[in-house]
Structures are given as C-alpha cells and as structure tokens.
Amino acid sequence: MVESKMTQKENKSNTTNTHWFLGTTGRILRMGLAYLIFLLLFKVGFTPTPSMEPTIEVNDLIIYSKHADMERGEIVLFQPPDTNEEYVKRLIAVEGDVISIQGGIVFLNGSQLNEPYVKEAWYGELPETIVPEGHFFVMGDNRNNSADSRDFGFVPNENYIGAATLQVLPFSKFGLK
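In this text the structure is predicted, and so the values were computed from the model without any measurement.

Undergrad: For the packing of aromatic side chains, give the residues involved together with the corresponding values.
TA: Taken as a whole and judged by the stated rule, the model has six aromatic pairs. Considering the side-chain rings of F78 and F152, the 6.2 Å spacing of their centres and the 55 degrees angle between planes classify their relative orientation as tilted. Placement of the pair is F78 in strand β3 (residues 75-78) and F152 in helix α2 (residues 149-152), with a sequence separation of 74 residues. Residue classification places F78 among the buried positions, given a relative accessible area of 0%. On the accessibility criterion, F152 (22% relative accessible area) is partly exposed.

Undergrad: How would you summarise unusual backbone geometry if you had to cite specific residues and measurements?
TA: A cis geometry characterises the amide bond from E53 onward to P54, with omega recorded as 5 degrees. For the bond running from L169 to P170, omega is -5 degrees, close enough to zero to count as cis. Checked against the element boundaries, P170 lands in the loop between β11 (160-169) and β12 (175-176). Backbone geometry places D82, a non-glycine residue, at a positive phi of 60 degrees. Its location among the elements puts D82 in the loop between β3 and β4 (87-94). One non-glycine residue with positive phi stands out, namely N109, at about 55 degrees.

Undergrad: Residue-level account of the sheet that holds strand β7 (residues 111-112), with values.
TA: Spatially, the four strands line up as an open sheet ordered β7-β6-β5-β8, and their pairing is antiparallel. A single partner strand is all that each edge strand has here, and the edge strands are β7 and β8 (126-130).

Undergrad: Before we move on, could you go through the environment of G96 and cite the residues and values that matter?
TA: When you line up the elements, G96 lands in the loop between β4 and β5 (98-102). Spatially, the C-alpha atoms of G96 and N109 are 9.2 Å apart, while their sequence positions differ by 13 residues. Ignoring anything within four residues of it in the chain, the contact list for G96 reads N109, I130 and V131.

Undergrad: Can you lay out the nonpolar core for me, pointing to particular residues and giving the numbers?
TA: Judged by nonpolar contacts, I92, A93, I99, I101, V106, L108, Y117, V131, F137 and M139 together constitute the single largest core of ten residues. The set of elements that each furnish at least two residues to this core consists of β4, β5, β6 (105-108) and β9 (135-139). Dropping the residues within four chain positions of it, M139 is found in contact with M52, K89, R90, I92, I101, V106, D148 and R150.

Undergrad: How would you summarise the side chain of S65 if you had to cite specific residues and measurements?
TA: Turning to its location among the elements, S65 is positioned in strand β2 (residues 61-65). A relative accessible area of 13% places S65 in the buried class. Those residues in contact with S65, other than ones at most four positions away along the chain, are L41, F42, I161, G162, A163 and T165.

Reading guide: rules and limits
- Residues numbered from 1 in each chain as written.
- Predicted model: local features only at pLDDT ≥ 70, side-chain atom pairs only at ≥ 80, totals over all residues.
- Heavy atoms only, no water.
- Phe/Tyr/Trp six-rings, centres within 6.5 Å; stacked < 30°, edge-to-face > 60°.
- Helix = DSSP H or I, 4+ residues; strand = E, 2+ residues; numbered from the N terminus.
- Buried < 20%, exposed > 50% of the residue type's maximum accessible area, 1.4 Å probe, protein only.
- Pairing = 2+ DSSP bridges.
- Contact = heavy atoms within 4.5 Å.
- Core = buried A, V, L, I, M, F, W, Y, C linked by side-chain atoms within 4.5 Å.

Here's what the structure looks like:
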C-alpha cells in the first residue's frame, strides 16, 4: 500500500514535469515558428539618412511588407542598381509611366503630381521619359538631400524589397504608413 502511494506520487510528479517540459518546449517552438513567418513576410529597418525627411527621419524604425504590391506614392525599400545597400524612397512611377520634372515640379503621365510630403523645393529638370518595362522610379521626400532615380536611374523590379507598413519608432509617430 505504501509503495503504491509512492508510485502514484512519482507518476504524478513525472507527469507534471513532462507537461511543463512539453508546454515550455511547445511555447518556444511556436514563438520560433512565428518569428520565422514574420521574417518571411516582413523586414525591419532603421532609416539611415535624412533623404525621406520630414516623413521619415534618421533612425526611425520601420516595418516593411515584403509582399506588398508596388504602388505609386508608397514609401519603399529597395536596392539601387549596382549596389548591395538598401534605400528608402517614395515610389513615383512604375513601368510604362511617363515622368518629367520641370522647374522642380514632377509630372506623371502629363499631370502635375500633388506632393505635400516634399520637404523643400528642388529646381532640377528631367526631360519627359518613359519608365522602361520591369523598372520603377523613386525620389526622396527631401529632394535636396537625396540620392535617388535622378542620380542612379530606373530601378529593376527585382530590386524591390517591400513597402513601408508600420512605423514603430519613435513612439510619437507609431502607426500605419
């Protein structure tokens, strides 16, 4: 009788230890799986330059969706041609669009672009150009302090990484993009 009670206590203790282990291991595995899924769907990055001011400032933390469609006006993460660096800029035009800049004013498909996000006027010129198939055109919101398609040209679509989805830091700017 005494042995039987000891065996029951030992079994109960072993069962409790096993459930705790499986529970903890299960939680760790679920968290790991969630992290892997997050990495497949999103990219997180700090903004390294002032080229997107005032919209995004240096060291703002942004989450980019890797599976977002390229849409004009969106803030995008990409690799410019001939570099492994990642840039953050505003998508201005996609393949087939006609773009020009006259006196610093951007025209897209013959219409002046409404750009309330631009930090300050830039008075450069770009002759009317058609964005080639499989490419896009980007510019920083801080036009006077931005290396963008005006400098390195059109960006191949395969260099597109994602679109800004959520601003995390600073907390005062927390929200969807």
